[in-house]
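# Survey of secondary and tertiary structure
One-letter residues, chain by chain:
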2 protein chains.
Amino acid sequence: MKYSLIDLQKRLLPDLVSVMQKRFSILQFIGLMEPVGRRNLSVSLGVTERVLRSEVTFLKDQNLISVSSLGMSLTTEGKDLLESLESVMREITGIDKMEEQLQNILGVEKVIIVSGNTDVSPWVKSELGRACAMRMNQSLQGENIIAVTGGSTMAAVAEMLTPEVSKDFVFVPARGGIGEDVQNQANTICAKMAERTHSKHRVLYVPDQVSSETYQTIMKEPHIKEVLSLIKSASMVLHGIGDAITMAERRKTSREDLYKIQQADAVGEAFGYYFNESGEVVHKVHTIGLQLDDLEHAEHVIAVAGGSSKGKAIRAYMKQAPKNTVLITDEGAALQLLKG
Amino acid sequence: MKYSLIDLQKRLLPDLVSVMQKRFSILQFIGLMEPVGRRNLSVSLGVTERVLRSEVTFLKDQNLISVSSLGMSLTTEGKDLLESLESVMREITGIDKMEEQLQNILGVEKVIIVSGNTDVSPWVKSELGRACAMRMNQSLQGENIIAVTGGSTMAAVAEMLTPEVSKDFVFVPARGGIGEDVQNQANTICAKMAERTHSKHRVLYVPDQVSSETYQTIMKEPHIKEVLSLIKSASMVLHGIGDAITMAERRKTSREDLYKIQQADAVGEAFGYYFNESGEVVHKVHTIGLQLDDLEHAEHVIAVAGGSSKGKAIRAYMKQAPKNTVLITDEGAALQLLKG
DNA sequence: CTAAGTGGGACATAATAAGTCCATTAGGGA
DNA sequence: TCCCTAATGGACTTATTATGTCCCACTTAG
């Protein structure tokens, strides 16, 4: 894999872009409003006057702006620089801008975008995983219960976890009996995550379709009851988002359910819930564990999904998603979301 | 004029390159010596252990290196990054490296290189001027007497001065009677510099070739005496470096002097002194004002000259140049200097 | 078993950034 | 002409961050 200059720099100096962005927008505003005073400018930019002042002295030393008793203006040099910057910044901060835009559009806590498109470049899935692991590392400290769903994306997240993240985790499958191949089952993924972080996990095996009677019996099982209470008290929920039809087909969905899903124009799926384009729940896999309403009570909710083909699914689910959700996605999906 | 990405970044975040360089070399060393411990590494890199430690924790957080009880090693990611970095850094820090090398080779206080080649791109001369103005800004505060020579390069410096540099300057021509066209005469340039910085200047008009008798008379002139004493007490000397033959031809040099200069294989010229490739003075324009020996007593000496055609001249003069000289040149000349 | 190497914890201190308040001044409108 | 507003820049305090310093526990090679 080949890194671009800016990627290298981001890695070696992570707040390069944010600093550049800050100074760039100061120049931009001055260019727009010149001559302009500090107070005036600081409110426009939403920074305190003091930090603006520091920036201003810096820019003055760099000979990019000149100050007079009328206010600040760009120097000829500053104008030239700004001109070159305009095009460069669009490129550099494209992703950052997209994150911001999506945060606003989707109305969630945070959107994290990794560059690339999972549909085109499979390795981007690992990048999603890494971004998720990083986020977990940032948000969590000490003991935590983490509820996890299945899917290949979640499997990628598991692969990117390291013991450094923490050791006091308990991973639990978010819901029982969502039949997939073993490798991508929630139970398997929980085990993998626990292994990679040197922490613990629980399993939850329940038959998919059961009679009401059997259901009651199962629910009385102490082991099951414990896992269920763990799920309800999870401080973090980690889940993927899938394309409705793909998911339905992958699972052993009954013919009538499949028909129902198709008729209702379901496009998205997350932890067993199917959503149409308006974000309404049109079908729900009947099983125990985490329910949609429970999400709001979790401190952290991270949704991970990438690839332009998942754009619709993500948009659909996001209409229902609780505000405390953090969406981790890729450029491919992000562009789809913005197109909408 | 079009700025490149890295130029923009340097301007918006001046210590970007130095930070990148530092972290890059840490990665480089670890890659070379892994596994290696902190103490060991810190002496190799010549940084204190504590700052290395801060860097290490940073690199660890970035997942570029891994630490164990054996020491530090690169992660796979770190290796990938390093590989990409090797080529990028060569490019980015090429000029910085050249500056360092030339400082050592020439044995002067500082070498500042601007990118480009004055011979090819005329606008680079303005860049030289800007670099000089910046340097002046950095080194000088309060009241200063500045002795200046003539030449088109010095004229370019004058063009780039701004009132921000300071207002308490007195510009004086370094030497009298070095005949050139009016535009590039020391007197004209001093006037221009004074005008652009809102400060003062003096003029010094003396005939080129005079009899000993006339000379004595002139020297008694109070106005001349004052200017001469200003020159001797200048805290900064600003001068260009020229190609010997070109300069000799441009001046109204007598036939015998021209012959003398050519016979002595003079290649370089600065403030009326002609130097051969060994740096020996082979001819000297007889006039009053700044003498070569006076340079050592000036606090700051800035020599400005660019263009690959001036490489030889610069090298010749630099053999004589006082140690407190700051050389401002361009890539074209710098490459010539390094070739030698 | 020892000794030399390792990382990392803990704390003091220096350097830097940011918050806060105010003095001074230039320019524009009445 | 004069005053009022908005401007910068100085000065001080406080918070945050980087660095210097010392030491301890641990691993591993010999």
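Coordinates for the structure precede this section.
Now for a description of the structure that goes with this document. Quick caveat, the model's predicted, so the values are computed rather than measured.

### A short note on the protein's contact with DNA strand C
- The immediate surroundings of DNA strand C are formed by 16 residues, with A:Thr48, A:Arg50, B:Arg38, B:Arg39 and B:Arg53 found nearest.
- Considering the 4 Å shell around the protein, atoms of DNA strand C inside it are sugar or phosphate in 56% of instances.
- One of the side-chain N or O atoms of A:Ser69 is found 3.2 Å from a sugar or linking oxygen in DNA strand C.
- B:Gly37 places a main-chain nitrogen or oxygen 3.1 Å from a phosphate oxygen of DNA strand C.
- Of all the secondary structure elements, the ones that give two or more residues to the surface near DNA strand C are helix H4 (49-61) of chain A together with helix H3 (38-45), helix H4 (49-61), strand E1 (65-68) and strand E2 (71-74) of chain B.
- No other element matches the three residues that H3(B) contributes to the surface near DNA strand C.

### Quick notes on the pairing of strand E4 (residues 144-148) of chain A
Residue and element names in this part refer to chain A.
- With respect to burial, E4 is a largely interior element, five of its five residues being buried.
- Residues of E4 alternate between two faces, with Asn144, Ile146 and Val148 on one and Ile145 and Ala147 on the opposite face, all of them buried.
- Pairing of E4 with strand E5 (residues 169-173) involves five bridges; the strand directions are parallel. Its bridge partner lying in E5, alanine 147 is registered against valine 172.

### Let's talk about the pattern of salt bridges
- Taken as a whole and assessed by the stated rule, the structure comprises 24 salt bridges over all chains.
- Residues A:Glu226 and A:Arg202 are paired through a salt bridge, measuring 2.2 Å at the closest nitrogen-oxygen approach. Taken together, the residues A:Glu226 in helix H11 (residues 222-232) and A:Arg202 in the loop between strand E6 (200-201) and helix H10 (212-220) connect sequence positions 24 residues apart.
- You can call A:Glu226 partly exposed: its relative accessible area is 35%.
- A:Arg202 sits in the partly exposed class, given a relative accessible area of 24%.
- With a closest N to O distance of 2.6 Å, B:Arg23 and B:Glu55 form a salt bridge.

### Observations regarding the nonpolar core
- Within the largest apolar cluster, 58 residues are counted, with the highest numbers of intra-cluster contacts made by A:Leu27, A:Leu85, B:Leu27 and B:Leu85.
- Not counting the four nearest positions on each side in its chain, A:Leu85 is found in contact with A:Met20, A:Phe24, A:Leu27, B:Leu8 and B:Leu12.

### Section: the relation of the copies chain A and chain B
- With an RMSD of 0.6 Å, the fit of chain A onto chain B corresponds to turning through 178° and sliding 0.8 Å along the axis. In short, the pair behaves as if placed about a two-fold rotation axis. Relative to the rotation axis, the C-alpha of A:Leu16 is the closest in chain A, positioned 3.8 Å from it.
- Mapped onto chain B, 100% of the interface residues of chain A are again interface residues, and the two copies thus contact each other with one and the same surface.

### Focus: the sheet that holds strand E12 (residues 300-304) of chain B
Residues and elements named next belong to chain B.
- The seven strands are arranged E3-E13-E12-E7-E4-E5-E6 in an open sheet whose pairing can be described as parallel. Two strands lie at the open edges of the sheet, namely strand E3 (110-114) and strand E6 (200-201), each paired on one side alone.
- As paired strands, strand E7 (residues 236-240) and E12 are joined by five bridges and run parallel to one another. Paired with methionine 236 across the two strands is histidine 300, which belongs to E12.
- Across the sheet, helix H7 (residues 124-139) lies against E3, strand E4 (144-148), strand E5 (169-173), E7, E12 and strand E13 (325-330), angled at about 155° from E13, the strand it touches most.
- Its contacts with the sheet place helix H8 (residues 152-160) against E4, E7 and E12, and it is angled at close to 125° to E7.

### Details of the protein's contact with DNA strand D
- Near DNA strand D lie 17 residues; those nearest to it are A:Arg38, A:Arg39, A:Arg53, B:Thr48 and B:Arg50.
- Looking at DNA strand D alone, sugar and phosphate atoms form 47% of those within 4 Å of the protein.
- Taking A:Arg39, its side chain carries an N or O atom lying 2.6 Å from a base oxygen of DNA strand D.
- The contact in question runs from a base nitrogen of DNA strand D to an N or O atom on the side chain of A:Arg53, over 2.4 Å.

### Brief notes about unusual backbone geometry
All names here are of chain A.
- One non-glycine residue with positive phi stands out, namely histidine 198, at about 55°.
- Following the sequence through the fold, histidine 198 ends up in the loop between helix H9 (186-197) and E6.
- On the basis of relative accessible area, histidine 198 is assigned to the exposed category, the value being 53%.
- Notably, aspartate 265 is not glycine yet its phi reads approximately 55°, a positive angle.
- A relative accessible area of 55% places aspartate 265 in the exposed class.

### Section: the packing of helix H5 (residues 76-92) of chain A against helix H1 (residues 5-12) of chain B
- Across the interface, H5(A) lies against H1(B) with an axial gap of 10 Å and an inter-helix angle of 115°. As far as their axial angle goes, H1(B) and H5(A) are roughly perpendicular. Classified by chirality, the crossing of H1(B) by H5(A) is left-handed. The residues of H1(B) that touch H5(A), namely those facing A:Glu77, A:Leu81, A:Ser84, A:Leu85, A:Val88 and A:Ile92, are B:Leu5, B:Leu8, B:Gln9, B:Arg11 and B:Leu12.
- The residue makeup of the contact of H5(A) with H1(B), split by class, is seven nonpolar, two polar and two charged.

Thresholds, definitions, all that
Residues numbered from 1 in each chain as written. Chains lettered and ligands numbered in written order. Predicted model: local features only at pLDDT ≥ 70, side-chain atom pairs only at ≥ 80, totals over all residues. Heavy atoms only, no water. Near = heavy atom within 4 Å. Polar contact = N/O pair within 3.5 Å; in protein donor to acceptor, adjacent residues only side chain to side chain. Helix = DSSP H or I, 4+ residues; strand = E, 2+ residues; numbered from the N terminus. Buried < 20%, exposed > 50% of the residue type's maximum accessible area, 1.4 Å probe, protein only. Pairing = 2+ DSSP bridges. Salt bridge = Lys/Arg side-chain N within 4 Å of Asp/Glu carboxyl O. Core = buried A, V, L, I, M, F, W, Y, C linked by side-chain atoms within 4.5 Å. Contact = heavy atoms within 4.5 Å. Least-squares fit on C-alpha atoms with pLDDT ≥ 70 in both. Axes fitted to C-alpha atoms, helices over the stretch in contact; angles between N-to-C directions. Parallel < 35°, antiparallel > 145°, perpendicular 65-115°, else oblique. Left-handed = near helix turned anticlockwise from the far one by under 90°. Nonpolar A, V, L, I, M, F, W, Y, C, P; charged D, E, K, R; others polar.

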